Amino acid sequence: MCSIQRGIISKREVYIIMDVQTRANGMQDKYDIGLAFFVYKRPEHTRRVVQSILENRFDNIYVFQDGLRSEHDEAEWKEVQQVIHLLQDRDGSSVEMHISGVNKGLANSITQGISYVLEKHQAVIALEDDILLGKDYHRFASLCFERYENVPQVKSICAAGASDAVDSDVSYNRCYPYDVYFTYRLSSMAFGTWRDRWKDYDRDPKIAQRILEDKVQKIRLGRLAGCDNLNYLEMIVNHPENINTWAFYWTALQVFSGGVTVTPLHALAEDIGRDGTGTNTISATDQFVHTIHELPFEVRFPEDQDITVDPYFLTRQNIVCENGNYILRNIKLLRAKYKQILAGYRS
(Lines give C-alpha, C1' and ligand atoms only; values in the text may rest on other atoms or scores of the structure.)
Protein backbone atom coordinates (compact mmCIF):
# COMPACT_ATOMS: atom_id res chain seq x y z
CA MET A 1 0.00 0.00 0.00
CA CYS A 2 1.33 3.42 -0.94
CA SER A 3 1.52 6.06 1.73
CA ILE A 4 2.92 9.52 1.01
CA GLN A 5 2.53 12.42 3.41
CA ARG A 6 0.56 15.61 2.82
CA GLY A 7 -2.02 13.90 0.68
CA ILE A 8 -0.03 13.72 -2.54
CA ILE A 9 -1.53 10.28 -3.07
CA SER A 10 -5.25 10.98 -3.04
CA LYS A 11 -8.35 10.95 -5.19
CA ARG A 12 -7.27 14.14 -6.93
CA GLU A 13 -7.24 14.07 -10.67
CA VAL A 14 -3.97 13.86 -12.56
CA TYR A 15 -3.58 16.08 -15.61
CA ILE A 16 -2.34 13.76 -18.37
CA ILE A 17 -0.96 15.04 -21.66
CA MET A 18 -0.52 12.76 -24.65
CA ASP A 19 1.36 14.48 -27.45
CA VAL A 20 0.43 12.19 -30.33
CA GLN A 21 1.13 14.79 -33.00
CA THR A 22 4.71 15.26 -31.85
CA ARG A 23 5.47 11.56 -31.78
CA ALA A 24 3.88 10.94 -35.16
CA ASN A 25 5.36 13.78 -37.18
CA GLY A 26 8.66 14.61 -35.51
CA MET A 27 9.31 17.51 -33.17
CA GLN A 28 8.17 20.92 -34.29
CA ASP A 29 7.59 23.82 -31.95
CA LYS A 30 3.95 23.90 -30.90
CA TYR A 31 4.97 26.72 -28.55
CA ASP A 32 7.00 29.78 -29.52
CA ILE A 33 10.42 28.77 -28.11
CA GLY A 34 13.85 30.17 -28.80
CA LEU A 35 16.89 28.07 -27.82
CA ALA A 36 19.78 30.16 -26.48
CA PHE A 37 22.98 28.11 -26.68
CA PHE A 38 25.99 29.45 -24.74
CA VAL A 39 29.51 28.37 -25.66
CA TYR A 40 33.07 29.44 -25.06
CA LYS A 41 36.10 27.19 -25.55
CA ARG A 42 35.21 23.54 -25.06
CA PRO A 43 34.99 22.08 -28.57
CA GLU A 44 34.47 18.43 -27.60
CA HIS A 45 31.72 19.20 -25.10
CA THR A 46 30.16 21.58 -27.60
CA ARG A 47 30.23 18.97 -30.37
CA ARG A 48 28.27 16.47 -28.27
CA VAL A 49 25.73 19.07 -27.18
CA VAL A 50 25.28 20.30 -30.76
CA GLN A 51 24.40 16.77 -31.80
CA SER A 52 21.81 16.57 -29.02
CA ILE A 53 20.33 19.89 -30.18
CA LEU A 54 20.00 18.55 -33.70
CA GLU A 55 18.29 15.41 -32.43
CA ASN A 56 15.76 17.57 -30.56
CA ARG A 57 14.86 19.48 -33.75
CA PHE A 58 14.58 23.02 -32.41
CA ASP A 59 13.19 25.52 -34.90
CA ASN A 60 14.83 28.71 -33.58
CA ILE A 61 18.43 28.55 -32.36
CA TYR A 62 20.58 31.42 -31.11
CA VAL A 63 24.24 30.74 -30.39
CA PHE A 64 26.18 33.06 -28.08
CA GLN A 65 29.95 32.67 -27.85
CA ASP A 66 31.60 34.83 -25.22
CA GLY A 67 34.64 36.82 -26.25
CA LEU A 68 38.19 35.72 -25.52
CA ARG A 69 39.29 36.05 -21.92
CA SER A 70 42.88 34.99 -22.58
CA GLU A 71 45.13 34.39 -25.56
CA HIS A 72 45.69 30.89 -24.19
CA ASP A 73 42.07 30.09 -25.04
CA GLU A 74 42.25 31.23 -28.66
CA ALA A 75 42.82 27.90 -30.43
CA GLU A 76 39.96 26.12 -28.67
CA TRP A 77 37.77 29.22 -28.93
CA LYS A 78 38.18 29.24 -32.72
CA GLU A 79 37.59 25.49 -32.91
CA VAL A 80 34.25 25.97 -31.16
CA GLN A 81 33.25 28.38 -33.93
CA GLN A 82 33.73 25.58 -36.44
CA VAL A 83 31.66 23.19 -34.34
CA ILE A 84 28.65 25.46 -33.86
CA HIS A 85 28.26 25.90 -37.61
CA LEU A 86 27.11 22.26 -37.68
CA LEU A 87 23.79 23.56 -36.34
CA GLN A 88 23.12 25.08 -39.74
CA ASP A 89 22.99 21.60 -41.25
CA ARG A 90 19.43 21.05 -40.06
CA ASP A 91 16.90 22.03 -42.72
CA GLY A 92 14.07 24.20 -41.47
CA SER A 93 15.88 25.70 -38.50
CA SER A 94 16.62 29.39 -38.09
CA VAL A 95 20.12 29.80 -36.64
CA GLU A 96 21.73 33.05 -35.46
CA MET A 97 25.39 33.21 -34.43
CA HIS A 98 26.55 35.88 -31.98
CA ILE A 99 30.33 36.00 -31.42
CA SER A 100 31.19 38.59 -28.78
CA GLY A 101 34.13 40.89 -29.32
CA VAL A 102 34.64 41.24 -25.56
CA ASN A 103 34.59 38.78 -22.68
CA LYS A 104 31.38 39.46 -20.77
CA GLY A 105 31.68 36.59 -18.29
CA LEU A 106 29.27 33.71 -17.96
CA ALA A 107 26.52 35.48 -16.00
CA ASN A 108 26.34 38.54 -18.27
CA SER A 109 26.51 36.41 -21.40
CA ILE A 110 23.62 34.22 -20.26
CA THR A 111 21.32 36.95 -18.96
CA GLN A 112 21.87 39.17 -21.99
CA GLY A 113 21.32 36.23 -24.33
CA ILE A 114 18.08 35.24 -22.57
CA SER A 115 16.80 38.81 -22.79
CA TYR A 116 17.67 38.97 -26.49
CA VAL A 117 15.82 35.75 -27.32
CA LEU A 118 12.77 36.75 -25.29
CA GLU A 119 12.45 39.88 -27.39
CA LYS A 120 11.63 37.51 -30.26
CA HIS A 121 9.89 34.55 -28.60
CA GLN A 122 7.39 33.80 -25.83
CA ALA A 123 9.75 31.37 -24.08
CA VAL A 124 13.44 30.57 -23.95
CA ILE A 125 15.61 27.58 -23.13
CA ALA A 126 19.10 28.55 -21.93
CA LEU A 127 21.50 25.73 -22.74
CA GLU A 128 25.15 25.74 -21.74
CA ASP A 129 27.84 23.90 -23.66
CA ASP A 130 28.09 21.06 -21.14
CA ILE A 131 24.41 20.08 -20.86
CA LEU A 132 23.77 17.08 -23.09
CA LEU A 133 20.08 16.85 -23.95
CA GLY A 134 18.16 13.62 -24.09
CA LYS A 135 16.05 13.14 -27.18
CA ASP A 136 12.81 13.98 -25.34
CA TYR A 137 13.67 17.31 -23.75
CA HIS A 138 12.23 19.48 -26.50
CA ARG A 139 8.92 17.64 -26.22
CA PHE A 140 8.94 18.02 -22.42
CA ALA A 141 9.75 21.73 -22.64
CA SER A 142 6.96 22.35 -25.15
CA LEU A 143 4.45 20.54 -22.96
CA CYS A 144 5.52 22.49 -19.86
CA PHE A 145 5.52 25.87 -21.56
CA GLU A 146 2.02 25.27 -22.87
CA ARG A 147 0.68 23.60 -19.72
CA TYR A 148 1.91 26.29 -17.29
CA GLU A 149 1.74 29.38 -19.50
CA ASN A 150 -1.06 30.84 -17.38
CA VAL A 151 0.15 29.53 -14.02
CA PRO A 152 2.45 32.31 -12.74
CA GLN A 153 3.53 30.24 -9.73
CA VAL A 154 5.53 28.07 -12.15
CA LYS A 155 8.36 30.41 -13.06
CA SER A 156 10.77 28.07 -14.85
CA ILE A 157 11.40 24.62 -16.25
CA CYS A 158 14.48 22.43 -16.47
CA ALA A 159 15.73 19.10 -17.81
CA ALA A 160 16.87 17.56 -14.51
CA GLY A 161 17.08 18.10 -10.78
CA ALA A 162 20.26 18.33 -8.74
CA SER A 163 21.20 14.71 -9.42
CA ASP A 164 19.70 11.24 -9.88
CA ALA A 165 19.97 10.79 -6.11
CA VAL A 166 17.09 13.23 -5.56
CA ASP A 167 14.58 10.89 -7.22
CA SER A 168 16.32 7.54 -6.69
CA ASP A 169 13.94 6.20 -4.01
CA VAL A 170 12.19 3.57 -6.14
CA SER A 171 9.53 2.71 -3.55
CA TYR A 172 8.56 6.36 -3.12
CA ASN A 173 8.48 6.97 -6.87
CA ARG A 174 6.21 3.96 -7.34
CA CYS A 175 3.56 5.74 -5.25
CA TYR A 176 4.22 9.23 -6.59
CA PRO A 177 1.41 10.10 -9.02
CA TYR A 178 3.19 12.52 -11.37
CA ASP A 179 6.04 12.59 -13.88
CA VAL A 180 7.27 15.95 -12.57
CA TYR A 181 8.11 17.51 -9.23
CA PHE A 182 8.66 21.10 -8.16
CA THR A 183 11.56 22.90 -6.49
CA TYR A 184 12.23 26.42 -5.25
CA ARG A 185 15.81 26.46 -6.45
CA LEU A 186 16.79 27.04 -10.04
CA SER A 187 18.27 24.24 -12.09
CA SER A 188 20.66 25.33 -14.83
CA MET A 189 20.08 22.02 -16.62
CA ALA A 190 18.50 23.52 -19.75
CA PHE A 191 16.76 26.25 -17.75
CA GLY A 192 13.67 27.62 -19.43
CA THR A 193 11.24 30.42 -18.71
CA TRP A 194 8.57 32.65 -20.22
CA ARG A 195 8.90 36.27 -21.32
CA ASP A 196 6.54 37.57 -18.62
CA ARG A 197 8.38 35.73 -15.82
CA TRP A 198 11.79 36.98 -16.96
CA LYS A 199 10.61 40.56 -16.53
CA ASP A 200 10.70 39.98 -12.76
CA TYR A 201 14.39 38.98 -12.78
CA ASP A 202 16.88 41.33 -11.14
CA ARG A 203 20.61 40.87 -10.46
CA ASP A 204 20.99 43.94 -8.25
CA PRO A 205 23.60 43.06 -5.54
CA LYS A 206 21.46 45.04 -3.08
CA ILE A 207 19.03 42.10 -3.15
CA ALA A 208 21.72 39.80 -1.78
CA GLN A 209 22.73 42.40 0.80
CA ARG A 210 19.14 42.68 2.07
CA ILE A 211 18.78 38.90 2.38
CA LEU A 212 22.09 38.59 4.24
CA GLU A 213 21.04 41.24 6.75
CA ASP A 214 17.61 39.70 7.38
CA LYS A 215 17.76 36.63 9.63
CA VAL A 216 14.26 35.43 8.70
CA GLN A 217 15.01 35.63 4.98
CA LYS A 218 18.32 33.82 5.44
CA ILE A 219 16.61 30.97 7.27
CA ARG A 220 13.95 30.74 4.57
CA LEU A 221 16.55 30.68 1.80
CA GLY A 222 18.56 27.94 3.49
CA ARG A 223 15.51 25.82 4.27
CA LEU A 224 13.90 26.04 0.83
CA ALA A 225 16.94 26.29 -1.44
CA GLY A 226 19.73 24.63 0.54
CA CYS A 227 22.53 25.90 2.74
CA ASP A 228 24.84 25.96 -0.27
CA ASN A 229 22.88 28.99 -1.44
CA LEU A 230 23.71 30.67 1.88
CA ASN A 231 27.37 30.12 1.02
CA TYR A 232 26.81 31.76 -2.37
CA LEU A 233 25.01 34.62 -0.63
CA GLU A 234 27.96 35.27 1.69
CA MET A 235 30.35 35.20 -1.25
CA ILE A 236 28.24 37.55 -3.40
CA VAL A 237 28.14 40.15 -0.62
CA ASN A 238 31.58 39.76 0.92
CA HIS A 239 33.74 38.46 -1.95
CA PRO A 240 32.00 39.42 -5.22
CA GLU A 241 35.29 39.12 -7.11
CA ASN A 242 35.19 35.35 -6.51
CA ILE A 243 31.74 34.60 -7.91
CA ASN A 244 30.03 35.33 -11.22
CA THR A 245 26.48 34.10 -10.83
CA TRP A 246 23.13 34.74 -12.40
CA ALA A 247 21.44 31.60 -11.03
CA PHE A 248 21.42 32.66 -7.37
CA TYR A 249 19.18 35.64 -8.11
CA TRP A 250 16.63 33.48 -9.92
CA THR A 251 16.57 31.08 -6.99
CA ALA A 252 16.04 34.01 -4.62
CA LEU A 253 13.23 35.29 -6.82
CA GLN A 254 11.46 31.95 -6.60
CA VAL A 255 12.04 31.43 -2.88
CA PHE A 256 10.65 34.82 -1.87
CA SER A 257 7.78 34.93 -4.36
CA GLY A 258 6.60 31.34 -3.84
CA GLY A 259 7.58 30.45 -7.38
CA VAL A 260 8.75 27.02 -8.46
CA THR A 261 10.68 25.18 -11.15
CA VAL A 262 8.96 22.23 -12.81
CA THR A 263 11.40 19.31 -13.00
CA PRO A 264 11.06 15.93 -14.74
CA LEU A 265 10.89 13.07 -12.26
CA HIS A 266 13.76 11.40 -14.12
CA ALA A 267 16.54 13.35 -15.86
CA LEU A 268 16.15 14.32 -19.51
CA ALA A 269 19.69 15.70 -19.75
CA GLU A 270 23.19 14.98 -18.47
CA ASP A 271 25.80 17.37 -17.14
CA ILE A 272 29.03 16.42 -18.93
CA GLY A 273 30.98 19.41 -17.64
CA ARG A 274 31.82 18.30 -14.11
CA ASP A 275 35.28 17.31 -15.27
CA GLY A 276 37.14 20.45 -14.24
CA THR A 277 37.02 22.11 -17.68
CA GLY A 278 34.26 24.64 -16.96
CA THR A 279 34.29 28.33 -16.15
CA ASN A 280 32.69 27.90 -12.72
CA THR A 281 33.34 24.18 -12.12
CA ILE A 282 37.12 24.04 -12.03
CA SER A 283 37.53 20.68 -10.28
CA ALA A 284 36.06 17.30 -11.14
CA THR A 285 33.17 16.05 -9.00
CA ASP A 286 30.68 13.18 -8.88
CA GLN A 287 28.23 15.11 -6.72
CA PHE A 288 25.82 15.93 -9.54
CA VAL A 289 25.35 12.78 -11.61
CA HIS A 290 22.54 12.32 -14.13
CA THR A 291 21.44 9.47 -16.35
CA ILE A 292 19.27 10.42 -19.31
CA HIS A 293 15.83 8.78 -19.35
CA GLU A 294 12.99 8.61 -21.84
CA LEU A 295 9.92 10.73 -21.24
CA PRO A 296 6.71 8.70 -20.86
CA PHE A 297 4.25 8.87 -23.75
CA GLU A 298 1.60 10.04 -21.29
CA VAL A 299 3.03 12.80 -19.11
CA ARG A 300 1.24 13.20 -15.78
CA PHE A 301 1.07 16.74 -14.38
CA PRO A 302 -0.73 17.84 -11.19
CA GLU A 303 -3.76 20.06 -11.45
CA ASP A 304 -2.99 23.73 -10.79
CA GLN A 305 -4.32 23.63 -7.21
CA ASP A 306 -2.07 20.66 -6.43
CA ILE A 307 1.21 22.30 -7.43
CA THR A 308 3.43 22.12 -4.36
CA VAL A 309 7.01 21.39 -3.41
CA ASP A 310 7.16 17.80 -2.17
CA PRO A 311 8.91 17.89 1.24
CA TYR A 312 10.72 14.58 0.70
CA PHE A 313 12.16 15.62 -2.66
CA LEU A 314 13.10 18.97 -1.09
CA THR A 315 15.01 17.20 1.69
CA ARG A 316 16.85 14.93 -0.74
CA GLN A 317 17.69 17.83 -3.03
CA ASN A 318 19.19 19.85 -0.19
CA ILE A 319 21.23 16.85 0.99
CA VAL A 320 22.69 16.38 -2.49
CA CYS A 321 23.54 20.05 -2.95
CA GLU A 322 24.96 20.59 0.55
CA ASN A 323 27.18 17.50 0.82
CA GLY A 324 30.10 17.00 -1.51
CA ASN A 325 31.39 13.98 0.38
CA TYR A 326 29.99 10.80 -1.19
CA ILE A 327 29.79 8.75 2.03
CA LEU A 328 28.23 11.51 4.14
CA ARG A 329 25.78 12.35 1.38
CA ASN A 330 24.54 8.78 1.10
CA ILE A 331 24.26 8.33 4.87
CA LYS A 332 22.04 11.40 5.04
CA LEU A 333 19.94 10.22 2.09
CA LEU A 334 19.43 6.88 3.80
CA ARG A 335 18.35 8.60 7.03
CA ALA A 336 15.89 10.72 5.06
CA LYS A 337 14.43 7.59 3.50
CA TYR A 338 13.92 5.92 6.88
CA LYS A 339 12.28 9.05 8.28
CA GLN A 340 9.92 9.11 5.30
CA ILE A 341 9.03 5.44 5.79
CA LEU A 342 8.33 6.01 9.50
CA ALA A 343 6.22 9.06 8.71
CA GLY A 344 4.20 6.98 6.26
CA TYR A 345 3.49 4.34 8.90
CA ARG A 346 2.34 6.96 11.38
CA SER A 347 -0.01 8.75 8.96
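The notes below deal with the structure included here. Quick caveat: nothing in here was measured; it's all calculated off a predicted structure.

1. With respect to unusual backbone geometry
Argument step 1. The phi dihedral of Arg57 is positive, around 60°, even though this residue is not glycine.
Argument step 2. The topology assignment puts Arg57 in the loop between helix H2 (43–56) and strand E3 (60–65).
Argument step 3. Positive phi, normally seen in glycine, also occurs at Ala190, with a value near 60°.

2. Observations concerning the pattern of salt bridges
Argument step 1. Tallying each qualifying case throughout the model produces 13 salt bridges.
Argument step 2. A salt bridge links Arg47 to Glu44, with the nearest nitrogen and oxygen atoms 3.8 Å apart. In this pair, Arg47 and Glu44 are both assigned in helix H2, 3 residues apart and thus about one turn of the helix distant.
Argument step 3. Classification of Arg47 as partly exposed rests on a relative accessible area of 35%.

3. Topic: the pairing of strand E4 (residues 94–99)
Argument step 1. Strand direction decides the pairing type here: E3 and E4, joined by 6 bridges, are parallel. Along E4, the bridge assignment pairs Gln65 with Ile99.
Argument step 2. Between the parallel elements E3 and E4, the chain passes through helix H3 (residues 74–84) in a crossover that is right-handed.

4. Overview of the packing of helix H8 (residues 205–213) against helix H11 (residues 247–257)
Argument step 1. Remark: H8 packs on H11, axes separated minimally by 11 Å, with the N-to-C direction vectors making an angle of 55°. Viewed along their axes, H8 and H11 adopt a mutual orientation that is oblique. Read as a crossing pair, H8 and H11 show a hand that is left-handed. Facing Pro205, Ile207, Ala208 and Ile211 of H8, the residues of H11 in contact are Phe248, Tyr249, Ala252 and Phe256.
Argument step 2. Of the residues in the contact of H8 with H11, the class split is 8 nonpolar, no polar and no charged.

5. A short note on the packing of aromatic side chains
Argument step 1. All told, the structure shown has 21 aromatic pairs when counted by the stated rule.
Argument step 2. With 6.2 Å between their ring centres and 35° between their planes, Tyr137 and Phe140 make a pair best called tilted. Here Tyr137 and its partner Phe140 are both found in helix H5 (residues 137–147), 3 residues apart, which amounts to about one turn of the helix.
Argument step 3. Phe140 sits in the buried class, given a relative accessible area of 0%.
Argument step 4. For the pair Phe145 and Trp194, a centre-to-centre distance of 5.2 Å together with 85° between the ring planes defines the contact as edge-to-face. One end of the pair, Phe145, is in helix H5; the other, Trp194, is in strand E9 (residues 191–194), with 49 residues separating them in the sequence.
Argument step 5. Residue Phe145 is classed as buried on the basis of its relative accessible area, which comes to 0%.

6. Some details on helix H9 (residues 215–225)
Argument step 1. Buried residues of H9: Leu221, Gly222, Leu224 and Ala225, and no others.
Argument step 2. Buried positions along H9 lie against H8, helix H10 (227–238), H11 and helix H12 (311–322).
Argument step 3. Taking the backbone nitrogen of Val216 as reference, a side-chain oxygen 3.0 Å away marks Asp214 as the first, capping residue of H9.
Argument step 4. After H9 finishes, the residue Gly226 shows a positive phi value of roughly 95°.

7. Thoughts on H12
Argument step 1. Between its first and last C-alpha atoms H12 spans 16 Å; for 12 residues at 1.5 Å apiece the expected length is 16 Å, and the two agree.
Argument step 2. Counting buried positions along H12 yields 9 of 12 residues, so the element is predominantly enclosed.
Argument step 3. Taken together, the buried positions of H12 are Tyr312, Phe313, Leu314, Arg316, Gln317, Asn318, Ile319, Val320 and Cys321.
Argument step 4. The opening residue of H12 is Asp310, an N-cap whose side-chain oxygen sits 2.9 Å from the backbone nitrogen of Tyr312.

8. Let's talk about a nonpolar patch on the surface
Argument step 1. On the surface, Tyr326, Ile327 and Ile331 cluster together into a nonpolar patch covering about 330 Å² of accessible area.
Argument step 2. Inspection of the secondary structure puts Ile327 in helix H13 (residues 326–346).

9. Details of the packing of H8 against H9
Argument step 1. With their axes 5 Å apart at the nearest point, H8 and H9 run at an angle of 100° to one another. Considering the angle they form, H8 stands roughly perpendicular to H9. Touching Arg210, Ile211, Leu212 and Glu213 of H8 are Lys215, Gln217, Lys218 and Leu221, all from H9.
Argument step 2. Among the residues forming the contact of H8 with H9, the class breakdown is 3 nonpolar, 1 polar and 4 charged.

10. Regarding the nonpolar core
Argument step 1. Counting 86 residues, the largest nonpolar core has Phe37 and Tyr137 as its most contacted members.
Argument step 2. Per-element accounting of this core gives the leading share, 7 residues, to H11.
Argument step 3. Not counting chain neighbours up to four residues away, the residues in contact with Tyr137 comprise Asn56, Ile125, Ile157, Cys158, Ala159, Ala190 and Leu268.
Argument step 4. Counting 15 residues, the second largest nonpolar core, distinct from the first, contains Tyr181, Tyr312, Ile319 and Ala336.

Calculation criteria
Residues numbered from 1 in each chain as written. Predicted model: local features only at pLDDT ≥ 70, side-chain atom pairs only at ≥ 80, totals over all residues. Heavy atoms only, no water. Helix = DSSP H or I, 4+ residues; strand = E, 2+ residues; numbered from the N terminus. Salt bridge = Lys/Arg side-chain N within 4 Å of Asp/Glu carboxyl O. Buried < 20%, exposed > 50% of the residue type's maximum accessible area, 1.4 Å probe, protein only. Pairing = 2+ DSSP bridges. Right-handed = clockwise from strand over helix to strand, strands pointing away. Axes fitted to C-alpha atoms, helices over the stretch in contact; angles between N-to-C directions. Parallel < 35°, antiparallel > 145°, perpendicular 65-115°, else oblique. Left-handed = near helix turned anticlockwise from the far one by under 90°. Contact = heavy atoms within 4.5 Å. Nonpolar A, V, L, I, M, F, W, Y, C, P; charged D, E, K, R; others polar. Phe/Tyr/Trp six-rings, centres within 6.5 Å; stacked < 30°, edge-to-face > 60°. Polar contact = N/O pair within 3.5 Å; in protein donor to acceptor, adjacent residues only side chain to side chain. Expected span 1.5 Å × (residues − 1). Patch = residues over 30% accessible without salt bridge, like charges linked within 9 Å, V, L, I, M, F, W, Y side chains within 5 Å. Areas by Shrake-Rupley, 256 points an atom, 1.4 Å probe, with all protein chains shown as cover. Core = buried A, V, L, I, M, F, W, Y, C linked by side-chain atoms within 4.5 Å.

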